[in-house]
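Observations on the three-dimensional arrangement
For reference, the chains in residue letters:
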Amino acid sequence: MNTPTNAMKPPLLFLTALCAISAACADDKTPNNAKTDKKMDSNKPEVVKTDAEWMKKLTPEQYRVTRMKGTERSNGPEYEKFNAQGEGTYYCVCCGAELFTSKEKFHSGCGWPSFYDQSKAKNVKETVDADGMRIEVTCKRCDAHLGHVFDKEGFPTPTNRRFCINGVAMQFVPKGGQAPKLEEVTSASVQKKKGDVAREAGVDLKK
Ligand SMILES: [Zn+2]
């Protein structure tokens, strides 16, 4: 991991502004507006579960954040854990896909885990929010909500991007540890069936 240095810390005023932006994600109840994203059909998640299945697999907080687009509180226990973690890999808590590594971790001072780049772009999807203001970050395999990405904030990282990620959405495995089991790809017919069940329950899986 990149050791935070004083040189990396942005000025206080700047930080305050950043945190205001991040706090805006705290009440993220952006209405699902899947109809505006026609590309989604060719890009839909491989792992599809009903709400009941996700609830069974996840803790209530994991479910709230990843499946309901919630946001964990800033500077909470997940952030403390994140700051204490050393070298390793971060996986999607829902499906086990690799998302980030500690190499891209940096100290933004904002109260949520921050990364400047995704290790495997194929597992991290970026979608502009319905209001066009922010870019939501989700797991490409299972559509878990992870957080948001902010560009050009002036952080001295190679990308000048900040992936602001909920710690509860990720499973950390220290270097040399065993990666979590990947949730199997849901077959097309089951995906369709579960999509129908979800639609009947008023949930649109194609968000
Ligand atoms: Zn996932």
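Just so it is clear, the model here is predicted, and its values are computed rather than measured.

Basis of the calculations
- Residues numbered from 1 in each chain as written.
- Predicted model: local features only at pLDDT ≥ 70, side-chain atom pairs only at ≥ 80, totals over all residues.
- Pairing = 2+ DSSP bridges.
- Helix = DSSP H or I, 4+ residues; strand = E, 2+ residues; numbered from the N terminus.
- Axes fitted to C-alpha atoms, helices over the stretch in contact; angles between N-to-C directions.
- Buried ≥ 20, exposed ≤ 12 C-beta atoms within 10 Å, placed from the backbone.
- Core = buried A, V, L, I, M, F, W, Y, C linked by C-beta atoms within 7 Å.
- Contact = placed C-beta atoms within 7 Å.
- Arc of directions from axis to C-beta.
- pLDDT = per-residue confidence, 0-100.

Brief notes about the sheet that holds strand 3 (residues 114-115)
- A sheet is described by the order of its strands in space; here five strands give the open sequence 3-7-6-5-4, paired in antiparallel fashion. Each having just a single partner strand, strand 3 and strand 4 (124-128) make up the two edges of the open sheet.
- As judged from the two bridges shared by strand 3 and strand 7 (residues 161-165), these two strands associate in the antiparallel manner. Across the sheet, the residue bridging to F115 is F163, located in strand 7.

Quick look at the sheet that holds strand 1 (residues 88-92)
- The strand order across the open sheet formed by three strands is 2-1-8, and the pairing between neighbours is antiparallel. Only two strands of the sheet have a single partner each, and these edge strands are strand 2 (98-101) and strand 8 (170-174). Mean inter-strand twist for the sheet, computed between neighbouring axes without regard to direction, equals 30°.
- Where strand 1 and strand 8 come together, five bridges link them in antiparallel fashion. Bridge assignment links Y91 to a residue of strand 8, and that residue is Q171.

A few points about unusual backbone geometry
- Positive phi, normally seen in glycine, also occurs at K69, with a value near 55°.
- Within the secondary structure, K69 is located in the loop between helix 3 (60-67) and helix 4 (77-84).
- On the basis of neighbour count, K69 is assigned to the partly exposed category, with 19 C-beta atoms found within 10 Å.

A few points about the nonpolar core
- Of all hydrophobic cores here, the largest spans 33 residues; its most connected members are C92, C94, L99, C139, I165, A169 and M170.
- Counting only elements with at least two residues in this core, the list comes to strand 1, strand 2, strand 5 (135-139), strand 6 (145-151) and strand 7.
- When residues no more than four places from it in sequence are discounted, the contact partners of I165 are W112, P113, F115, V137, L146, G147 and M170.

Side note on helix 3
- When we look at burial in helix 3, the residues that qualify are Q62, V65 and T66. End-on, the buried residues of helix 3 take up no more than an arc of 85°, which puts them together on one face.
- Summarising the contacts, the buried residues of helix 3 are in contact with strand 6.
- Trailing helix 3 by a residue or two, K69 shows a phi angle of about 55°, which is positive.

Some remarks on the pairing of strand 4
- With five bridges joining them, strand 4 and strand 5 adopt antiparallel strand pairing. Residue pairing across strands places T127 opposite E136, the latter belonging to strand 5.
- What sits between the antiparallel neighbours strand 4 and strand 5 is a turn of six residues, in which G132 has the positive phi angle 75°.

Focus on the pairing of strand 5
- Most of strand 5 sits out of view: four of its five residues are buried.
- Across four bridges, the pairing between strand 5 and strand 6 is antiparallel. When the bridges of strand 6 are listed, I135 appears paired with V149.

With respect to the confidence of the model for the protein chain
- Averaged over every residue, the pLDDT of the protein chain is 81; the share at 70 or more is 75%.
- When the criterion is pLDDT under 50, residues 1-41 qualifies, and its contacts beyond four places in sequence or with other chains add up to 48 contacts.

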